[in-house]
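Structure at a glance
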Amino acid sequence: MRPTQDDRIPTVDLQTDRAHPARVYDYLLGGKTNFAADRVAGDLIVEEWPGSLASARASRAVMHRMARRLAETHGIRQFLDVGTGIPTEPNLHEIAQRVDPAARVVYVDNDPIVLAHARALLTSTPQGRTAYIDCDLRDPEKLLADGALHGTLDLDRPVALTLINIVHFLSDEAVQPLVARLLDALPAGSFLALTAGTADSAPEQAEVASRRYREAGIENHLRTRAGVERFFAGLELDDPGVALINRWHPELDDGPRLADHEVMAYAGLARKP
Ligand SMILES: C[S@@+](CC[C@H](N)C(=O)[O-])C[C@H]1O[C@@H](n2cnc3c(N)ncnc32)[C@H](O)[C@@H]1O
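What counts, and at which threshold
Residues numbered from 1 in each chain as written. Predicted model: local features only at pLDDT ≥ 70, side-chain atom pairs only at ≥ 80, totals over all residues. Heavy atoms only, no water. Helix = DSSP H or I, 4+ residues; strand = E, 2+ residues; numbered from the N terminus. Buried < 20%, exposed > 50% of the residue type's maximum accessible area, 1.4 Å probe, protein only. Polar contact = N/O pair within 3.5 Å; in protein donor to acceptor, adjacent residues only side chain to side chain. Contact = heavy atoms within 4.5 Å. Axes fitted to C-alpha atoms, helices over the stretch in contact; angles between N-to-C directions. Left-handed = near helix turned anticlockwise from the far one by under 90°. Near = heavy atom within 4 Å. Areas by Shrake-Rupley, 256 points an atom, 1.4 Å probe, with all protein chains shown as cover. Nonpolar A, V, L, I, M, F, W, Y, C, P; charged D, E, K, R; others polar. Right-handed = clockwise from strand over helix to strand, strands pointing away. Pairing = 2+ DSSP bridges.

If you trace the backbone, Q78 turns up in strand β1 (residues 78–82). With a relative accessible area of 2%, Q78 lands in the buried category. At 3.3 Å, the side chain of Q78 forms a polar contact with the backbone oxygen of R157. Beyond its immediate chain neighbours, meaning those up to four positions away, Q78 contacts R104, T152, L153, D154, R157, P158, V159 and A160.

Note that S210 resides in helix α9 (residues 203–215). With residues near it in sequence (within four places) discarded, S210 still touches N220 and L222.

Let us look at the packing of helix α1 (residues 21–28) against helix α2 (residues 36–48). Where α1 contacts α2, the two axes come as close as 9 Å, and the packing angle between them is 65 degrees. As α1 packs across α2, the resulting crossing turns out to be right-handed. When α1 is examined against α2, the residues R23, V24, Y27 and L28 are found in contact with a partner set consisting of D38, R39, A41, G42, D43, I45 and V46.

The next subject is the site of the ligand. Taken together, 17 residues lie near the ligand, and R60, G83, D109, L137 and I164 sit nearest. G83 has a polar backbone atom sitting 2.7 Å from a nitrogen atom of the ligand. At 2.8 Å from a nitrogen atom of the ligand is found a main-chain nitrogen or oxygen belonging to I164. Protein chains shield 91% of the accessible area of the ligand, which is 600 Å² for the free molecule. Considering only residue class, the shell around the ligand consists of seven nonpolar, five polar and five charged.

On any regular strand, side chains alternate: one points to one face of the sheet, the next to the other face. The buried fraction of strand β5 (residues 191–197) amounts to seven of the seven residues, a majority that puts the element mostly inside the structure. The alternating pattern of β5 places F191, A193, T195 and G197 and L192, L194 and A196 on opposite faces, both of which are buried. Chirality of the crossover, the property in question, places the unit of strand β4 (residues 160–163), helix α8 (residues 172–184) and β5 among those that are right-handed. Direction of pairing for β5 relative to strand β8 (residues 265–271): antiparallel, over a ladder of seven bridges. Looking across to β8, one finds that T195 is bridged to A267.

Structure below.
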């Protein structure tokens, strides 16, 4: 199951009778790719923690701002987005291609449900290009050898590696070498854009969310600011450094202004020297 063009996307059992984490997230984001079971699960989360809607939307909105800053301020035209999630408009390529229609984006996820919806990610402008690779972050060699990666991005030119809301699924010991390996394959002038869950700003809510994931059998790791800064060792951190997502360039959108205790993640962007 490794499509690179939409006619190669296989049929997947969507299991619409049960809630799926990516579709529940889509529901919380106000997306359309969800079914009754997902909406019931989403409503239960909102009942227990009404702020979860705003928090989920803030997590997605910071991806939009990071893509804009990368394209507008840093001139990045190539993106490698690992942990893409279910397509939710605007997707990363739509943001980047608003700045330059020739921007190119490779999306990567390991979830068959995301794969089933990947066609919505392959809606590039004619001048640009997008591809979807069904791959696991834990297998960077497979990703780096993929023909769709090389057919879409020129790895001799700067690339932004975007890891948005994914590293909390992995421990530091597991994920740090993976990020280092991927950055190693990218040239100087490339960027790392990353968001990571934290309990620093809202300890009780973070504990509830973390427990719910664990109860569902999903490993998750919350990080302190110093823990998130470790991802950027050896890189040149962009302004304002590692910051809570509500404080990361809020001027780049006109979304709601949230207080620190309403968000549960840090964001950081850095350039490879
Ligand atoms: C919370 S969603 C984030 C989606 C999107 N980046 C966003 O911020 O809106 C996390 C995504 O990471 C994917 N993911 C989790 N672990 C992964 C892994 N080891 N390799 C690839 N994708 C992974 C999940 O399937 C899911 O689609």
